[in-house]
Amino acid sequence: MTSQMNAAVVTSFAEPPHYQQFDIPAPSGGAVLVDVLAAGLHPRVRSGASGAHYTSSGTLPMIPGIDGVGRRPDGRLVYFAADDDALGTMADKAVADPRRSVELPEGADVARVAAAMNPAMSSWVALRRRVQLQPGQSVLVLGATGNAGAMAVQVARRLGAGRVTGAGRDQGRLQALIAAGADDVVQLTDDAQATGQALAAAAAEADIVLDYLWGRPAQQAIMALLTARSDRGRALDWIQIGSVAGPSIELPSVALRSANFRLQGSGQGSVTPRAYVAELPSLVAEISAGTIAVRPRVVPLADVERAWAGEEPPGERTVLVP
Ligand SMILES: NC(=O)c1ccc[n+]([C@@H]2O[C@H](COP(=O)([O-])OP(=O)(O)OC[C@H]3O[C@@H](n4cnc5c(N)ncnc54)[C@H](OP(=O)(O)O)[C@@H]3O)[C@@H](O)[C@H]2O)c1
């Protein structure tokens, strides 16, 4: 048997991965070597491959890819999350630990699963593990025009939200959210005052905010919502999930004193690996049932360099297939 495989390989954090040969990894401790069928090119994969993610070990060379769908040696089809940041899933073969895998039904659409699990997991876990969404509660998704945000609208609805508002920049994608289950949408523009008023009108009574943006839009939205709230003693749970608009905010202390404002994050570290894994089967079921819309863009792994550099059409998620 050959000891090498084809893989996307990062040799410098300043360059995209190159398609080249790499040693086949050796599984240990109950893990198995799977044939990779599909791996999603999520924003988290890009930040890991540039050495910028907060979990990055800095090891080079590395194979990017944090999750994927693979075929085990016993023939079973699994979705799995990689647990070594230097030996990821964008290769012919990858190591899958059964404790971080979930079996998929034979015939599952592997590209859909690979595209959807990471973005869908962000809201699914936030609403089940960081706050427990109560039936009928009101949810605002800040940054609802990306893959994860659009799925968050559908996940919130599926988990019983009474009212869901989606806020984002792109007008076309906002309109699509109405069809996907949002009650209302708010366009985020450069006019901070008008945006604040629109957010307050639509979502001042929100119980939970799922925040994919952070940065200036989140900073402005926090104060706009809190000051417009009819009962500031009623809890507002703000769940920080993504930071596409900036890594930090300035938060006036009064935000935390003058209202029952509860700020926390949801991601690797704030949610245990065990809790993530426990949520995998139910999320797979939702994706397989089609409750969460997903548009995979399948690209051969051999074209990884081009996929890395290219613009992804909005609403699609690139999936690399060996
Ligand atoms: N913590 C977790 O568990 C977790 C899991 C998955 C993803 N995430 C994070 O969530 C974020 C979104 O992921 P994704 O998969 O949805 O990515 P994506 O599909 O690439 O979407 C990103 C969206 O962000 C919007 N955007 C970019 N800059 C913006 C700005 N300054 N103001 C408002 N909107 C802006 C864009 O929408 P427009 O077209 O409207 O500009 C874009 O569609 C990333 O930061 C990702 O790392 C976190």
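Please refer to the structure higher up on the page.
Just so you know, these numbers come straight off a predicted model, no measurement behind them. (Residues numbered from 1 in each chain as written. Predicted model: local features only at pLDDT ≥ 70, side-chain atom pairs only at ≥ 80, totals over all residues. Heavy atoms only, no water.)

Participant: Give a description of the sheet that holds strand β10 (residues 184-187) that names residues and reports values.
Facilitator: Pairing is parallel in the open sheet, where 6 strands are placed in the order β10-β9-β8-β11-β12-β13. Each having just a single partner strand, β10 and β13 (261-265) make up the two edges of the open sheet. Ignoring strand direction, the axes of neighbouring strands in this sheet form an average angle of 15 degrees. Two strands pair when backbone bridges link them, and strand β8 (residues 138-142) and strand β11 (residues 208-211) are joined in this way by 4 bridges, in the parallel orientation. Considered in β11, the bridge of L140 is made with V209. Together, β9 (163-168) and β10 form the strand contacts of helix α4 (residues 171-179), whose direction differs from that of β10 by roughly 170 degrees. (Pairing = 2+ DSSP bridges. Helix = DSSP H or I, 4+ residues; strand = E, 2+ residues; numbered from the N terminus. Axes fitted to C-alpha atoms, helices over the stretch in contact; angles between N-to-C directions. Contact = heavy atoms within 4.5 Å.)

Participant: Summarise the site of the ligand; cite the residues concerned and give the values.
Facilitator: Contacts to the ligand come from 20 residues, most closely from T145, A148, R169, S266 and R317. Between the ligand and T145, the relevant distance is 2.6 Å, taken from an oxygen atom to a side-chain nitrogen or oxygen of the residue. One nitrogen or oxygen atom from the main chain of S266 is found 2.8 Å from a nitrogen atom belonging to the ligand. The fraction of the free accessible surface of the ligand (910 Å²) that becomes covered by protein chains is 76%. Contributing elements (two or more residues each) for the shell around the ligand: α2 (110-130) and α3 (147-158). When the residues that make up the shell around the ligand are grouped by side-chain class, the tally is 8 nonpolar, 9 polar and 3 charged. (Near = heavy atom within 4 Å. Polar contact = N/O pair within 3.5 Å; in protein donor to acceptor, adjacent residues only side chain to side chain. Areas by Shrake-Rupley, 256 points an atom, 1.4 Å probe, with all protein chains shown as cover. Nonpolar A, V, L, I, M, F, W, Y, C, P; charged D, E, K, R; others polar.)

Participant: I'd like to hear about the environment of D237, residue by residue, with values.
Facilitator: In this fold, D237 is placed in strand β12 (residues 236-240). On the basis of relative accessibility, which here comes to 9%, the residue D237 falls in the buried class. For the pair D237 and A206, spaced 31 residues apart in sequence, the C-alpha separation works out to 8.7 Å. For D237, the side chain forms a polar contact with the side chain of R262, separated by 3.0 Å. (Buried < 20%, exposed > 50% of the residue type's maximum accessible area, 1.4 Å probe, protein only.)

Participant: Any chance you could break down the pattern of salt bridges for me, citing the residues and the numbers?
Facilitator: Opposite charge on two side chains makes pairing possible when the charged atoms of those side chains draw close. In this structure the tally under the stated criterion is 17 salt bridges. For R71, the salt bridge is made with E106, and the minimal N-O distance between the two is 3.0 Å. Of this pair, R71 sits in strand β4 (residues 67-71) while E106 sits in the loop between β7 (101-103) and α2, placing them 35 residues apart in sequence. In this structure, R157 and D183 form a salt bridge, with 2.6 Å as the shortest nitrogen-oxygen distance. Taken together, the residues R157 in helix α3 and D183 in the loop between α4 and β10 connect sequence positions 26 residues apart. (Salt bridge = Lys/Arg side-chain N within 4 Å of Asp/Glu carboxyl O.)

Participant: Explain unusual backbone geometry residue by residue, including any values.
Facilitator: Cis geometry marks the peptide bond from L60 to P61, where omega comes out at -5 degrees. With respect to the secondary-structure elements, P61 resides in the loop between α1 (43-49) and β4. Despite not being glycine, W214 shows a phi value in the positive range, around 55 degrees. For W214, the location among the structural elements is in the loop between β11 and α6 (215-228).

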